[in-house]
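# Coordinates in review
These are the residues of each chain, in order.
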Amino acid sequence: MVCIDEPGGAGLAERTGAVTCGSLRPAAWRMDVLETGRDGSRFRVVHGGADVAEVVLAVPGVHNARNALTATAMAAELGAPVDAAARALARYAGVARRWQYRGEAGGITFVDDYAHLASEVAAAIDTGRQGRWKRVVAVFQPHRFSRTAVLWPSFADAFVEADVVVVTDVYPAGEPARPGVTGKLIVDAVLDAHPAARVAWLPARRDAVAYLAQALRPGDLCLTLGAGDLTAMPDEVIAALDDAAGPG
């Protein structure tokens, strides 16, 4: 089963003759009438020219909808009833660190996501944009010095849908530091491609928390992204906001 929404997948399907899925009309299993927002998504499954099921998910995002379509199509190709697959997906509530709601404070919503590759970061930010918050404030922690040294140019366009970007230093994941490899490489990639982007380079954790406590506004989505210890930051920012607000 291959999703043909991306050129790489379409090429692979053509070379191998794999069964296809996706939102494009050549797909054997097609996603149609997709609706996605803050609280989830839904779409119709089209196969053989007919609507065969409606899938309703408790998780938002086009990427999650594509995953659900692929799971539905694969189950059907293996002989499972399509409606049974759709019912099973309706019970899926997500997993920790994949678009995980972390709370609200001062009218600001906090969501944490494990995204640490450029395509994953872009997909998570796009999901936030679809939720119609006033602003999407993306906080990114690069993962591993070895990955950052090789992959930093790929992040140039990953944050285009964010209103504000905060980049911290690299989460080492047990690796020794490398000279010249810091989160500043990500900042440089973004600003070289998009000079007008609002990007803050705040390597120290405490500085990033303080900046967010001042910069966030009611109606914002604060989206923390990375596979490291940034997952604790929403709690830290919420505590800083509560302290600033004083006794209720």
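Before going into details, it helps to say that this report is about the structure given with it. None of these values were measured; they are calculated from a predicted model.

Conventions we followed
- Residues numbered from 1 in each chain as written.
- Predicted model: local features only at pLDDT ≥ 70, side-chain atom pairs only at ≥ 80, totals over all residues.
- Heavy atoms only, no water.
- Helix = DSSP H or I, 4+ residues; strand = E, 2+ residues; numbered from the N terminus.
- Rg over C-alpha atoms; globule rule 2.2 N^0.38 Å.
- Buried < 20%, exposed > 50% of the residue type's maximum accessible area, 1.4 Å probe, protein only.
- Contact = heavy atoms within 4.5 Å.
- Areas by Shrake-Rupley, 256 points an atom, 1.4 Å probe, with all protein chains shown as cover.
- Lys, Arg positive; Asp, Glu negative; His and termini not counted.
- Charge placed at Lys NZ, Arg CZ, Asp CG, Glu CD.
- Salt bridge = Lys/Arg side-chain N within 4 Å of Asp/Glu carboxyl O.
- 1 Å grid on protein atoms, 1.4 Å probe; cavity = no way out; pocket = protein on both sides within 12 Å on 5 of 7 lines; lining within 4 Å.
- Points joined across faces, edges and corners; volume = space filled by probe spheres on them.
- Nonpolar A, V, L, I, M, F, W, Y, C, P; charged D, E, K, R; others polar.
- Pairing = 2+ DSSP bridges.
- Disulfide = S-S within 2.5 Å.
- Axes fitted to C-alpha atoms, helices over the stretch in contact; angles between N-to-C directions.

### Overview of the overall build of the protein chain
If you tally the helices and strands in the protein chain, you get eight helices and eleven strands. Taking 2.2 N^0.38 as the reference for a compact globule, 248 residues should give roughly 18 Å; the C-alpha atoms of the protein chain span a radius of gyration of 20 Å, in line with that estimate. Summarising its shape, the C-alpha atoms of the protein chain cover approximately 55 × 45 × 35 Å along the three principal directions. Here the protein chain holds 248 residues, and 44% of them are scored as buried. In the protein chain, the share of contacts with a sequence separation of at least 24, taken over all contacts with a separation of at least 6, comes to 62%. Just so you have it, the protein chain exposes about 11900 Å², and 54% of that area is on carbon and sulfur atoms. For the protein chain, the separation between the mean place of its 24 positive charges and that of its 29 negative charges on side chains is 1 Å.

### Some details on the pattern of salt bridges
Following the criterion strictly, the structure yields 17 salt bridges and no others. For Arg 30, the salt bridge is made with Asp 32, and the minimal N-O distance between the two is 3.7 Å. Connected through salt bridges with shared partners, the residues Arg 97, Arg 102, Asp 112 and Asp 235 form a single ionic network.

### A few points about the layout of surface pockets
Considered as a void within the structure, the largest pocket measures approximately 330 Å³ in volume. Taken together, 14 residues line the largest pocket, and the ones lying closest to its centre are His 63, Asn 64, Asn 67, Arg 98 and Glu 120. For the lining of the largest pocket, the secondary-structure elements that each account for two or more residues are helix 2 (62–77) and helix 4 (118–130). Per element, the largest residue contribution to the lining of the largest pocket is four residues, and it comes from helix 4. Per-class residue counts for the lining of the largest pocket are six nonpolar, five polar and three charged.

### A few points about the pairing of strand 7 (residues 108–113)
A large share of strand 7 lies buried, amounting to six of its six residues. Along strand 7, one buried face is formed by Ile 108, Phe 110 and Asp 112 and the opposite face, lined by Thr 109, Val 111 and Asp 113, is buried too. Examined bridge by bridge, strand 6 (residues 100–105) and strand 7 share five bridges and lie antiparallel to one another. By the bridge assignment for strand 7, Ala 105 is matched with Ile 108.

### Considering the state of the cysteines
According to the stated counting rule, one finds zero disulfides in the structure shown. In this structure Cys 3 is a free cysteine whose sulfur lies 4.8 Å from that of Cys 21, the closest cysteine sulfur available.

### Notes on unusual backbone geometry
For Trp 99, which is not glycine, the phi torsion reads 50° and is therefore positive. Secondary-structure assignment places Trp 99 in the loop between helix 3 (82–90) and strand 6. Classification of Trp 99 by relative accessible area gives buried; the value is 14%. Even without glycine at this site, Arg 132 takes up a positive phi of about 60°. Inspection of the secondary structure assignment puts Arg 132 in the loop between helix 4 and strand 8 (135–140). Relative accessible area serves as the criterion here: at 72%, Arg 132 is assigned to the exposed category.

### Description of the sheet that holds strand 11 (residues 220–225)
Note on sheets: strands pair through backbone hydrogen bonds, and any given pair is parallel or antiparallel. Sheet architecture is open: six strands sit in the order 6-7-11-8-9-10, paired in mixed fashion. Every other strand in the sheet has two partners, leaving strand 6 and strand 10 (199–201) as the edge strands with one partner each. Neighbour-to-neighbour, the strand axes of this sheet turn through a mean angle of 20°, independent of strand direction. For strand 8 and strand 11, the ladder comprises six bridges, and the chain directions are parallel. Bridge pairing links Val 139 to Thr 224 in strand 11. Taken strand by strand, helix 6 (residues 184–193) contacts strand 8, strand 9 (164–167) and strand 10, and its axis lies near 160° from that of strand 10. Sitting on the sheet, helix 7 (residues 205–215) is in contact with strand 8, strand 9, strand 10 and strand 11, with an inclination near 165° to strand 9.

### Side note on empty space enclosed by the protein
Think of a ball as big as a water molecule: rolled over the atoms, this probe shows where empty space is left. Taken as a whole and assessed by the stated rule, the structure comprises one cavity of 30 Å³ or more. Considered as a void within the structure, the largest cavity measures approximately 70 Å³ in volume. Forming the boundary of the largest cavity are His 116, Leu 117, Phe 140, Pro 142, His 143, Arg 147, Thr 148, Leu 151, Phe 155 and Ile 186. The leading source of residues in the lining of the largest cavity is helix 5 (residues 145–151), at three residues.

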